[in-house]
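Descriptive analysis of the structure
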Amino acid sequence: MTPTFSVIMPIYNVERFVAAAIDSVLAQEDGDFELLIIDDCSPDGSRAICEAYDDPRLTLITHPVNRGLAGARNTGVRAAQGRYLAFLDSDDIWEPAKLARHREHLEARPEVGLSFSRSAFIDADGEPLDYYQMPSLTDITPGLLFCRNPVGNGSAPVIRREILEAIAFDCEVKGGGVLPCYFDESLRQSEDIECWTRIALKTGTTVEGIPEPLTRYRLNEGGLSAQLERQYQSWLAIVELTRAYAPDFIEQWYPRAQAYQLRYLSRQAIRLRDGDAAWAYCRRAVKAWPGIWKAEFGRTAATAGAALMLRVMPKSLYLRCEGLAQGVIGKAQKKKIDNAPRPQPARPNQQQEAHEVESP
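Rules used in this analysis
- Residues numbered from 1 in each chain as written.
- Predicted model: local features only at pLDDT ≥ 70, side-chain atom pairs only at ≥ 80, totals over all residues.
- Heavy atoms only, no water.
- Phe/Tyr/Trp six-rings, centres within 6.5 Å; stacked < 30°, edge-to-face > 60°.
- Helix = DSSP H or I, 4+ residues; strand = E, 2+ residues; numbered from the N terminus.
- Buried < 20%, exposed > 50% of the residue type's maximum accessible area, 1.4 Å probe, protein only.
- Lys NZ or Arg CZ within 6 Å of the ring centre and 35° of its normal.
- Salt bridge = Lys/Arg side-chain N within 4 Å of Asp/Glu carboxyl O.

1. Here we look at the packing of aromatic side chains
When we look at a pair of aromatic rings, we describe it by the centre distance and by the angle of the planes. One pass over the structure, following the stated rule, counts eleven aromatic pairs. Note on Trp 235 and Tyr 254: the rings are 5.9 Å apart at their centroids and 20° apart in plane angle, and the pair reads as stacked. One end of the pair, Trp 235, is in helix α8 (residues 225-243); the other, Tyr 254, is in helix α9 (residues 247-271), with 19 residues separating them in the sequence. In this structure Trp 235 comes out as buried when scored by relative accessible area, which is 1%. Judged by relative accessible area, which is 23%, Tyr 254 ranks as partly exposed. Put simply, the rings of Phe 146, Tyr 232, Trp 235, Phe 249 and Tyr 254 pair up and form one aromatic cluster. In this structure, Arg 148 packs its charged tip against the face of Tyr 260, placed 5.0 Å from the ring centre. Over the ring of Tyr 232 we find Arg 284; its NZ or CZ atom is 5.1 Å from the centre of that ring.

Structure representation (structure tokens):
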């Protein structure tokens, strides 16, 4: 019997986290799914952990060569049988109601092609951090997707199969010949942002979110500030891929999107405790598009202030200030989530607004 949902989960070097991710899928209130785990030549014990599960809904697919996250997702999409395709990164976790809520949303709103949820942050040990990704949920234009990525992360969306089929393109796949692809395998980072933007531009479908934080998004330990510049270069590659089929769109949105991306990298540098990099990215953001001050003064000022404080303050004092600020923001976000109404499908123009832990 064909499942309603196909859950696509790539694995690579995630033996510490993958069991929790699988368990969160198997614990779904809506059990009408298949779970496709794509082993992208993981060198650790991730595959063995997956093989220990005895559930007929779970299928393990192995790549002959490593192809990256985009390649693993493409393999999963090609193998999927479900009407709705859900993506879960193997270091993240879903709430038990995740699939049930998306079924409600997609069945009530046939014009919605990409449904996503808000996300709660957890640390490397899975402990809640008491703050959330809180983007707008409706009135999501291609420009907003490109500039801010309200979907937030790769474990948040559930997409109708026909929407992904509508953006498929043939490409040479490493170790597999020419095959239909959905995510661009030339990208090793930010491939999801490129895909969501292409969906919006090429299909015109409605992208809409659910107020509940149904995804727990893990902030892993470690990281280097040098990786941030690689992430920026990957984002510039997305710009060129998009320019190839939507040059007018890029001309209109590039300065604003570049500023938001650089400000996002400043926040990431703050998380890595690199004050010099954070301040440099913040200055680059303002230079790229000075209008960022007028468009989003609060977020820009908060980023600049945190970067400057991190750069000049003793670390212990900065951490105390940061902890106080996060506590206040977390309480405000939790209150908004607790008071948020369940989705009202008949009112598509209702705009959700809240303070957020920022996506680009």
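2. Comments concerning the pattern of salt bridges
Across all of its chains, the model carries 24 salt bridges by this definition. Here Arg 103 and Asp 30 are joined by a salt bridge, their closest N and O atoms 2.5 Å apart. Taken together, the positions of Arg 103 in helix α4 (residues 98-108) and Asp 30 in the loop between α1 (18-26) and β2 (33-39) put the pair 73 residues apart, joining distant regions of the chain. Under the relative-accessibility criterion, Asp 30 is labelled buried at 11%. When the shortest N-O distance is used, the salt bridge between Glu 104 and Arg 101 registers 3.7 Å. Linking Glu 104 with Arg 101, this pair stays in helix α4, spanning three residues, or about one helical turn. Taking relative accessible area as the criterion, Glu 104 reaches 40% and is therefore assigned partly exposed. Among the charged side chains, a salt-bridge network with shared partners connects Asp 30, Asp 32, Arg 83, Arg 103 and Glu 107.

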